[in-house]
Amino acid sequence: MSYFQNAQMRTTALKLMGALLISSPLTSPAIAQAILKAAPISTTLVHSVSGAKHTAHKAGSAKIGEITIEQAWTRQAPPGAKVVGGYARITNSGKASDSLVGGSASFAERIEVHEMKVVDEVMRMAPLSNGLEVKPGETVELKPGSFHLMFMGATSPKAGDIVPVTLRFKNAGEVKVMFPVGPIGVKSAPAHKDGHGDHGKHGKKKHGS
Ligand SMILES: [Cu+2]
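A short tour of the structure in this document, coming up. (Residues numbered from 1 in each chain as written. Predicted model: local features only at pLDDT ≥ 70, side-chain atom pairs only at ≥ 80, totals over all residues.)

**Some details on the overall build of the chain**
Turning to step 1, where the next piece is worked out: Each helix and strand counted, the chain has 4 helices and 11 strands in total.
Turning to step 2, where the next piece is worked out: Per-residue burial over the chain gives 33% buried out of 209 residues.
Turning to step 3, where the next piece is worked out: Partitioning the intrachain contacts of the chain with sequence separation of at least 6 by distance along the chain shows that 61% fall at a separation of at least 24. (Helix = DSSP H or I, 4+ residues; strand = E, 2+ residues; numbered from the N terminus. Buried ≥ 20, exposed ≤ 12 C-beta atoms within 10 Å, placed from the backbone. Contact = placed C-beta atoms within 7 Å.)

Right, here's the structure in full:
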């Protein structure tokens, strides 16, 4: 019998190996990438649709205070582009308003929080100087064509990688979120589509604590 009881466990293990190897200075990034590629991204990254307890350690998810971040992602920039968008779903389960005001990432000079708005009948993006408010009990989606993070002066992350980003909230403070990176031009999260059929296969299994 195989050491790994099923494909899901094997996949998760591969992911962990890949992550460890990437963090090890002794290992070639190419080897780590090969291992990550061997693990189908769709089965492992995000099982975080519900259950805050379950989300804290998943790629794309994090929690700080009353703020929960889910389904964070970014994408590879087109060749030559120095800016790239970042997206996530942010929920405030507290009793006070909070605002996403910025953050930092090793691959970007700075992070701005942008909105899209129509100026002279043209959709343009503009920084939100006071940040993006998330009211008590509300969920705000950062997504293409709407609110988004803008990684400025960025060295593009590579499709298939998972990159650390620190998000800063006015009240809750800073939180690190791992952003899966999708291919150039994609309009939705690389690892997760609402309604995908994957949950049933491993819903009863533990995958991490
Ligand atoms: Cu923007």
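**Quick word on unusual backbone geometry**
Turning to step 1, where the next piece is worked out: The phi dihedral of Asp120 is positive, around 50 degrees, even though this residue is not glycine.
Turning to step 2, where the next piece is worked out: Mapped onto the elements, Asp120 comes out in the loop between strand 5 (110–119) and strand 6 (122–127).
Turning to step 3, where the next piece is worked out: Its 5 C-beta neighbours within 10 Å are what place Asp120 among the exposed residues.
Turning to step 4, where the next piece is worked out: A positive phi is found at Glu121, a non-glycine position, where the angle reads about 65 degrees.
Turning to step 5, where the next piece is worked out: Mapped onto the elements of the fold, Glu121 is located in the loop between strand 5 and strand 6.
Turning to step 6, where the next piece is worked out: What makes Glu121 exposed here is the crowd of 5 C-beta atoms within 10 Å.

**Thoughts on the pairing of strand 4 (residues 98–105)**
Turning to step 1, where the next piece is worked out: Counting buried positions along strand 4 gives 6 out of 8 residues, so the element sits mostly inside the fold.
Turning to step 2, where the next piece is worked out: Both strand 4 and strand 7 (residues 132–134) contribute to a ladder of 3 bridges, which runs antiparallel. Each bridged residue has a counterpart across the sheet, and for Leu100 the counterpart in strand 7 is Leu132.
Turning to step 3, where the next piece is worked out: Sheet topology places strand 4 next to strand 10 (residues 162–169); 5 bridges connect them, and they run antiparallel. Across the sheet, the residue bridging to Leu100 is Phe169, located in strand 10. (Pairing = 2+ DSSP bridges.)

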